[in-house]
Amino acid sequence: MANGTADVRKLFIFTTTQNYFGLMSELWDQPLLCNCLEINNFLDDGNQMLLRVQRSDAGISFSNTIEFGDTKDKVLVFFKLRPEVITDENLHDNILVSSMLESPISSLYQAVRQVFAPMLLKDQEWSRNFDPKLQNLLSELEAGLGIVLRRSDTNLTKLKFKEDDTRGILTPSDEFQFWIEQAHRGNKQISKERANYFKELFETIAREFYNLDSLSLLEVVDLVETTQDVVDDVWRQTEHDHYPESRMLHLLDIIGGSFGRFVQKKLGTLNLWEDPYYLVKESLKAGISICEQWVIVCNHLTGQVWQRYVPHPWKNEKYFPETLDKLGKRLEEVLAVRTIHEKLLYFLPSSEEKIICLTRVFEPFTGLNPVQYNPYTEPLWKAAVSQYEKIIAPAEQKIAGKLKSYISEIQDSPQQLLQAFLKYKELVKRPTISKELILERETLLARLVDSIKDFRSDFETRCRGIPGDASGPLSGKNLSEVVNNIVWVRQLELKVDDTIKIAEALLPDLSGFRCFHRNAEDLLDQLKLYEQEQFDDWSRDIQSGLSDSRSGLCIEASSRIMELDSNDGSLKVHYSDRLVILLREVRQLSALGFVIPAKIQQVANIAQKFCKQAIILKQVAHFYNSIDQQMIQSQRPMMLQSALAFEQIIKNSKTGSGGKSQITWDNPKELEGYIQKLQNAAERLATENRKLRKWHTTFCEKVVVLMNIDLLRQQQRWKDGLQELRTGLATVEAQCPLAWQSKWEGPEDPLQYLRGLVARALAIQNWVDKAEKQALLSETLDLSELFHPDTFLNALRQETARAVGRSVDSLKFVASWKGRLPEAKLQIKISGLLLEGCSFDGNQLSENQLDSPSVSSVLPCFMGWIPQDACGPYSPDECISLPVYTSAERDRVVTNIDVPCGGNQDQWIQCGAALFLKNQ
């Protein structure tokens, strides 16, 4: 630059241009450039405000105007703040420098977004003095430029939509915003619907990515898994045109970049060398998990699942987020350094040497931020690690023997040995310590060889058995056989894989490692083959069932939704339980990484479409089929009308004009309306049943309370309880059938029954008084005054047996209208008997006359228990045994007595003659 070195102004322009475009200095040794008219005009003419520098195939060109065509070359622009001649004094006060990449829209958008908007809107000093209207305009400018950038191909002359162009998509939030804008501004309705579909899928994670910096590391670990599900759903959707592969590749890349920057920012707030180890350890582990999991997600989706997804296969090579992977490995190295340090401190004695170690060990990392990974920081990091290893080398020599002694004490226990190696694996990997523990590592390898043998034996024993059996795969909950078997073998695979990883990390230099590794890999291949066979067998069985209408796997959109079984009258939904299981299997197998065959997926999609309605209908059907078991038998007539209305809705599942066509699965609007009607009818029936059951329970409780009231001392309480009972009965009286009320033990009128209850209570008190005076058996008794007259007669039998010294089975019950019973040791005189079906004058039965009452009183008689071999008052040939009932309803027998009939016994049986106690 012979002619330009003396001009500081030109030197500034040439040096800036050379650095920006990466030019060799020799290019400037040209007189034409040094005497360039455009440069001279910019520097020496106060009216010339701009100098544009552009690189092309012909070299560097200068201009005092900006004229963009379709070029995408980089542009550097020098422009003045004030219209002045540039001098040495104002050179750095009056010249601004700006670059442009891709397009002026992109450059302006990034300048506003990255520089001016944060400064003028967020900085307290600037925002306080900046007009709010101008702040709004600046925000609108940023948003508007972003929309134009995301929707255009970024060429100045072409601002049309181009979906494969992702240069304006720099963050996941940009991608989510892109589909929001397309849903509102699309040119065609179908495009809007497609954009809206993607927008709704992305909404699951949009808020989290927008507020990513406010989340914790552990929350982002969960976000990685959620993001995997979302991008998988986006890729697999078949409702609209497929998501472009180039756009998905870009999305995976910027998501990985967002995760990486988030991890760097969060870990950058920690002092990784001086903060407490437990805090650093947990944070680093979470950061490593984020990086590792996203690398695994990208590898799994683009390398396996999507490549085998027939409707929309991934055509490129699998995507590997290399930068994020290397960041994760850098974090692992940082964690290893801190962990080794902690383990060394554990084994070192608490002496001055330990203090020296504490102060010097992290000196090599001074001034180096370990989470800032890039190719330029990698050499510095490796150099620092090398110095760190030199510092800890003496300490490693000292603790190797201690670690050897510790492990030798527990090497007879395989589990403890493995745990010890895992606990100190960072130390064991150190060359010095690894060499010292050669025998112990040989022992560990032998234990791992035995583990592989055990895994193989367990697999071969169980692989052909039934899940849950002693000789079959271990079973889980809510898993079908195929999914259970695959989950079981996956667990074995994880155990084998963990065993291999342990050996690869700690034992790769041992002589037996290769043999172990080969056997373990063979077993792993065998497990994977079994897993694939299980899936293939399931696929064949399902596809075979699709052609069999009896398999329960066939569902036609135009078929009836439900009908009543003609055999047992049960309600059946035309959506089999096998379909529900199939849906669960497809979902679980997809989650396990299997590609479902297209035929099965199609059936699953149809079944999934109607699954929600089918579940509701099955609930309704179960209610219909079991409601009779939920009803109290005596209340069923009370619910007859509601039950008939419910059944009528089921039978009349018609739609359309005139109700001529059946409601089918492919009529969603009619189906929803029909389901609503069914649910409403079922709810009315269930509500009515609950109400009646509640009243039934309430009545029972109130009667129990009344039974425990002392009628002589608590009459007011009795009246209050009786009034409550009457009020409750009045509530359901309109529904209450005669059969339900007749369940009262006594008259149908509950009030009459309660009056009888009081009468009996008073009468029993009288009986008690007579018994206390030894006068009970000498009085005429009325058995209707007792609650349980049969119990009284049985008590009389037992007393008689004790009096005569005989067993109760050797006595018989007799009655006499002739007078007292000479054969009875104890006897009673009974009155209050009624006779129905004929008449009795005390001597023998006679037919009723036309004017005779249907029920007549019977004269008092003597009753008692006499020996079986004793003669009664009447000859058996001239008597008939008549039952004595508690009431005219004849629902409860008290006893049987012989009544003289004159010999024609069949006559009185045919007329239905019977005795019963009078009502109280």
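Definitions and limits used
- Residues numbered from 1 in each chain as written.
- Predicted model: local features only at pLDDT ≥ 70, side-chain atom pairs only at ≥ 80, totals over all residues.
- Heavy atoms only, no water.
- Helix = DSSP H or I, 4+ residues; strand = E, 2+ residues; numbered from the N terminus.
- Buried < 20%, exposed > 50% of the residue type's maximum accessible area, 1.4 Å probe, protein only.
- Contact = heavy atoms within 4.5 Å.
- Areas by Shrake-Rupley, 256 points an atom, 1.4 Å probe, with all protein chains shown as cover.
- Axes fitted to C-alpha atoms, helices over the stretch in contact; angles between N-to-C directions.
- Parallel < 35°, antiparallel > 145°, perpendicular 65-115°, else oblique.
- Nonpolar A, V, L, I, M, F, W, Y, C, P; charged D, E, K, R; others polar.
- Pairing = 2+ DSSP bridges.
- Salt bridge = Lys/Arg side-chain N within 4 Å of Asp/Glu carboxyl O.
- Phe/Tyr/Trp six-rings, centres within 6.5 Å; stacked < 30°, edge-to-face > 60°.
- Patch = residues over 30% accessible without salt bridge, like charges linked within 9 Å, V, L, I, M, F, W, Y side chains within 5 Å.
- Lys, Arg positive; Asp, Glu negative; His and termini not counted.
- Charge placed at Lys NZ, Arg CZ, Asp CG, Glu CD.

Within an unreviewed UniProt entry, the label attached to the protein reads Dynein cytoplasmic 2 heavy chain 1, and the organism entered is Macaca nemestrina.

Undergrad: Describe the overall build of the protein, listing the residues and the values that go with them.
TA: Each helix and strand counted, the protein has 30 helices and 19 strands in total. The proportion of buried residues among the 920 residues of the protein is 42%. Sequence-distant contacts, at least 24 apart, represent 67% of the contacts inside the protein between residues at least 6 apart. Surface accessibility of the protein: about 50,000 Å² in total, with carbon and sulfur atoms responsible for 50%.

Undergrad: Kindly report on the packing of helix 15 (residues 378–410) against helix 16 (residues 414–423), identifying the contributing residues and their values.
TA: For the pair helix 15 and helix 16, the least separation of the axes is 8 Å and the interaxial angle reads 155°. Viewed along their axes, helix 15 and helix 16 adopt a mutual orientation that is roughly antiparallel. Facing Y406, I407 and I410 of helix 15, the residues of helix 16 in contact are Q416, L417, A420 and F421. When its residues are assigned to classes, the contact of helix 15 with helix 16 shows 6 nonpolar, 1 polar and no charged.

Undergrad: Any chance you could break down unusual backbone geometry for me, citing the residues and the numbers?
TA: Despite not being glycine, Q774 shows a phi value in the positive range, around 60°. Exposure remark for Q774: the relative accessible area of 73% places this residue in the exposed category. Phi at R890 takes a positive value of approximately 55°, unusual for a residue other than glycine. Mapped onto the secondary structure, R890 falls in the loop between strand 17 (879–885) and strand 18 (893–900). The exposure class assigned to R890 is partly exposed, which follows from its relative accessible area of 30%.

Undergrad: Can you break down the sheet that holds strand 10 (residues 811–816) residue by residue, with the values?
TA: Picture the strands of a sheet paired through backbone hydrogen bonds; they go either parallel or antiparallel. Spatial strand order, 9-11-16-10: 4 strands in an open sheet with mixed pairing. Two strands lie at the open edges of the sheet, namely strand 9 (780–782) and strand 10, each paired on one side alone. Across the sheet, the axes of successive neighbouring strands diverge by a mean angle of 40°, strand direction being ignored. Two strands pair when backbone bridges link them, and strand 11 (residues 827–831) and strand 16 (residues 861–867) are joined in this way by 4 bridges, in the antiparallel orientation. By the bridge assignment for strand 16, Q827 is matched with G864.

Undergrad: Lay out the pattern of salt bridges with the relevant residues and their values.
TA: Taken as a whole and assessed by the stated rule, the structure comprises 26 salt bridges. Taking the shortest distance from any N to any O, the salt bridge between R430 and E389 comes out at 3.3 Å. Of this pair, R430 sits in the loop between helix 17 (425–428) and helix 18 (431–436) while E389 sits in helix 15, and the two are 41 residues apart along the sequence. Note that E836 is salt-bridged to R890, the shortest N-O span being 3.0 Å. Note that E836 is positioned in strand 12 (residues 833–836) and R890 in the loop between strand 17 and strand 18, a separation of 54 residues in sequence. Relative accessible area serves as the criterion here: at 23%, E836 is assigned to the partly exposed category. Each of D7, R9 and D44 takes part in a single network of salt bridges with overlapping partners.

Undergrad: Quick one: what's the story with the packing of aromatic side chains, residue by residue and with numbers?
TA: If you walk through the whole model with that rule in mind, you get 32 aromatic pairs. Both rings, one in F12 and one in F78, keep their centres 6.2 Å apart while their planes meet at 70°; by these two values the pair is edge-to-face. Pair noted here: F12 is in helix 1 (residues 8–21) and F78 is in strand 3 (residues 75–80), with a separation of 66 residues, a long-range link. With a centroid separation of 4.9 Å and 20° between ring planes, the pair formed by W235 and W306 is classed as stacked.

Undergrad: Can you lay out a nonpolar patch on the surface for me, pointing to particular residues and giving the numbers?
TA: There is a patch of nonpolar side chains on the surface, built from V115, F116 and M119 and spanning about 270 Å² of accessible area. Within the element layout of this structure, F116 appears in helix 5 (residues 104–122). By relative accessible area, F116 is classed as partly exposed at 43%.

Undergrad: Give me a negative patch on the surface: which residues, what numbers.
TA: Taken together, E219, D222, E225, D229 and D233 make up a surface patch of like negative charges. Within the secondary structure, D233 sits in helix 10 (residues 217–236).

Undergrad: Describe the sheet that holds strand 3, listing the residues and the values that go with them.
TA: What the 4 strands build is an open sheet, ordered 2-1-3-4; its pairing is antiparallel. In the strand order of this sheet, the two ends are held by strand 2 (59–63) and strand 4 (95–100), each with one partner. Sheet twist, expressed as the mean angle between neighbouring strand axes with direction ignored, is 20°. Pairing geometry for strand 3 and strand 4, over 6 bridges, is antiparallel. The residue bridging F79 from the neighbouring strand is L96, located in strand 4. Packed on one face of the sheet, helix 1 meets strand 1 (50–56), strand 2, strand 3 and strand 4 and runs near 150° to strand 3. Relative to the sheet, helix 3 (residues 37–44) contacts strand 1, strand 2, strand 3 and strand 4, its axis offset from that of strand 1 by approximately 155°.

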